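Residues per chain, in single letters:
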Amino acid sequence: MLNRDQLIELYRNHRDENVLSVYVDGDGKDPAQRRAWALELEQGLTRERARVESESPEALDAFDQAKALVAERLGRFGAFLPAKGWAGFAVPGGLVYAEELPVPMPHLVRWERGLRAAPYVRALKQDRMVVAVLVDSRKARVFTYRKGELEERADLLADAEIGDYRESSMSKRASTHTGTHGETGTDAAQRQLERSAAELQSRLVEVVQELAGKDGFVVLGGIAEREAAVAGQLEHMSDRLVVVSSMHLAMTEAEVREAVEEAASELSRAQQADLLGTVMDLARSGGKGALGLVATEDALRGGRVDTLLLTRGLRERHPDLADHFVGTAFEQGAAVEELSHDSAARLDDEAEGVGARLRYTG
């Protein structure tokens, strides 16, 4: 899967040549409809070929070469697409990109100058690292979730596991002395447990910070006391951290995946709401914000956009304009965020589905 920088590079490298962009929605819920993507693709390629033949007949041979490359790659899947979505970009000389995606894509076939990047933006969210931690006083499990893949990172805490002190040391009779005046074996064992728990927590915090980096999400579960302790040491990441009290150490990987996906969506929605609120406040106060088609296009034309916000609704109402906005943002190194849920509805209702945080005012 492409990350943001790779998508921008791909866009820039092919902006001056004709490209066949193909997106496929393979997220069929009904098994009887799982073959529907192939029919949609066939119909889309047929319609686009007819358009090319009508508008640019001299380009028909090049289109057919690119079309054959896409058809050959997708033909390998047979009846079932093994992912929720697929995207591919082809030129007559070869496929420049083709890959299954972990999120549904809109059905789209387009032959035009430059590749169509706007639909791919929604997949970029899958590139964000999510770190999940399940912790109690004696043990921790660490998972990473990225690009639709969940992995338990059992190796990361191998040197910080707390031994079985409760059974080995605390089972001693309370009257057994350790050599420290007035301290029982039970007291010593308890101190060792607390020390080991602190060491585990310290190592755990280091691991989480390293894995999450500057923008990764963190999901915490386990027992309340340890959740709170770890969260306290990660307070500087509070805007991208969530505690899920229902998560526990005995969860299966399937259960962890479901909980992590839901928690990551919750964090993403909260960040989008904050970003949109900031942009709206800035725009309405005459600051570094733009709302609506005219103001956003003006900001893009002036190279002033830091982060472009758009919605699926804008892509569906004005697909060519949405792609122009995204491409222009990529050209100037701006970030692009496709909003969802309540934030998307608000941007659609109040600003025609598009806005931007700016580098500077016009």
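Everything below is about the structure printed above this text.
Now for a look at the structure at hand.

1. What to know about the environment of E331
Along the chain, E331 falls in helix 10 (residues 319-331). For E331, a relative accessible area of 32% puts it in the partly exposed group. Separated by 320 residues in sequence, E331 and Y11 have C-alpha atoms that sit 8.5 Å apart. With residues up to four places along the chain from it excluded, the contact list for E331 reads Y11, R12 and R15.

2. Considering the packing of helix 7 (residues 253-284) against helix 11 (residues 341-351)
Close contact between helix 7 and helix 11 brings their axes to 8 Å; oriented N to C, the two are set at 25°. In terms of orientation, helix 7 lies roughly parallel with respect to helix 11. Where helix 7 approaches helix 11, its residues R269, Q272, A273, L276, G277, M280 and R284 are matched on the opposing element by H341, S343, R346, L347 and E350. In the contact of helix 7 with helix 11, the residues fall into 4 nonpolar, 4 polar and 4 charged.

3. Remarks on the environment of P319
Note on placement: P319 falls in helix 10. Overall, the relative accessible area of 36% leaves P319 in the partly exposed class. In this structure, the C-alpha to C-alpha distance between P319 and P119, residues 200 residues apart in sequence, is 9.2 Å. Excluding its chain neighbours within four sequence positions, the residues that come into contact with P319 are R116 and L314.

4. Focus: a negative patch on the surface
Together, E255, E258, E262 and E266 make up a region of like negative charge exposed at the surface. Mapping E258 onto the fold places it in helix 7. On the accessibility criterion, E258 (56% relative accessible area) is exposed.

5. Details of the side chain of T144
By secondary structure assignment, the location of T144 is in strand 6 (residues 140-146). Residue T144 is classed as buried on the basis of its relative accessible area of 6%. Not counting residues up to four positions away in its chain, the partners in contact with T144 are M129, V130, E149, L150, E151, R153 and L211.

6. Side note on the pairing of strand 5 (residues 130-135)
Here is the key point about a regular strand: its side chains alternate between the two faces of the sheet. Among the 6 residues in strand 5, 6 count as buried, and that is most of the element. Judged by which residues are buried, strand 5 turns out to be covered on both faces: V130, A132 and L134 on one side and V131, V133 and V135 on the other are all buried. Where strand 5 folds back onto strand 6 in an antiparallel hairpin, the turn is made up of 4 residues. Bridging between strand 5 and strand 8 (residues 217-222) involves 6 bridges; their strand directions are parallel. When the sheet's bridge partners are listed, V131 is paired in strand 8 with V218.

7. Details of helix 2 (residues 36-55)
With 20 residues, helix 2 ought to run about 28 Å at 1.5 Å a step, and its terminal C-alpha atoms sit 29 Å apart, in line with that. Within helix 2, burial applies to W37, A38, L41, G44, L45, E48 and V52. Taken around the axis of helix 2, the buried residues stretch over an arc of 125°, which confines them to a single face. What points out from helix 2, more than 90 degrees from its buried face, is the exposed set E42, T46, R47 and S54. Contact partners of the buried residues in helix 2: strand 1 (18-25), helix 3 (60-75) and strand 4 (108-113).

8. Topic: the nonpolar core
Within the largest apolar cluster, 41 residues are counted, with the highest numbers of intra-cluster contacts made by Y120, L308, V326 and F330. Those elements that place two or more of their residues in this core are helix 1 (4-13), strand 1, strand 2 (85-91), strand 3 (94-101), helix 8 (292-301), strand 11 (305-311), helix 10 and strand 13 (354-358). Looking at which element gives the most residues to this core, the answer is helix 10, with 5 residues. Among residues more than four places away in sequence, those in contact with Y120 are M1, L2, L7, Y23, A87, Y97 and L101.

The rules behind the values
- Residues numbered from 1 in each chain as written.
- Predicted model: local features only at pLDDT ≥ 70, side-chain atom pairs only at ≥ 80, totals over all residues.
- Heavy atoms only, no water.
- Helix = DSSP H or I, 4+ residues; strand = E, 2+ residues; numbered from the N terminus.
- Buried < 20%, exposed > 50% of the residue type's maximum accessible area, 1.4 Å probe, protein only.
- Contact = heavy atoms within 4.5 Å.
- Axes fitted to C-alpha atoms, helices over the stretch in contact; angles between N-to-C directions.
- Parallel < 35°, antiparallel > 145°, perpendicular 65-115°, else oblique.
- Nonpolar A, V, L, I, M, F, W, Y, C, P; charged D, E, K, R; others polar.
- Patch = residues over 30% accessible without salt bridge, like charges linked within 9 Å, V, L, I, M, F, W, Y side chains within 5 Å.
- Areas by Shrake-Rupley, 256 points an atom, 1.4 Å probe, with all protein chains shown as cover.
- Salt bridge = Lys/Arg side-chain N within 4 Å of Asp/Glu carboxyl O.
- Lys, Arg positive; Asp, Glu negative; His and termini not counted.
- Charge placed at Lys NZ, Arg CZ, Asp CG, Glu CD.
- Pairing = 2+ DSSP bridges.
- Expected span 1.5 Å × (residues − 1).
- Arc of directions from axis to C-beta.
- Core = buried A, V, L, I, M, F, W, Y, C linked by side-chain atoms within 4.5 Å.

Don't take any of this as a statement about function, it's just geometry.
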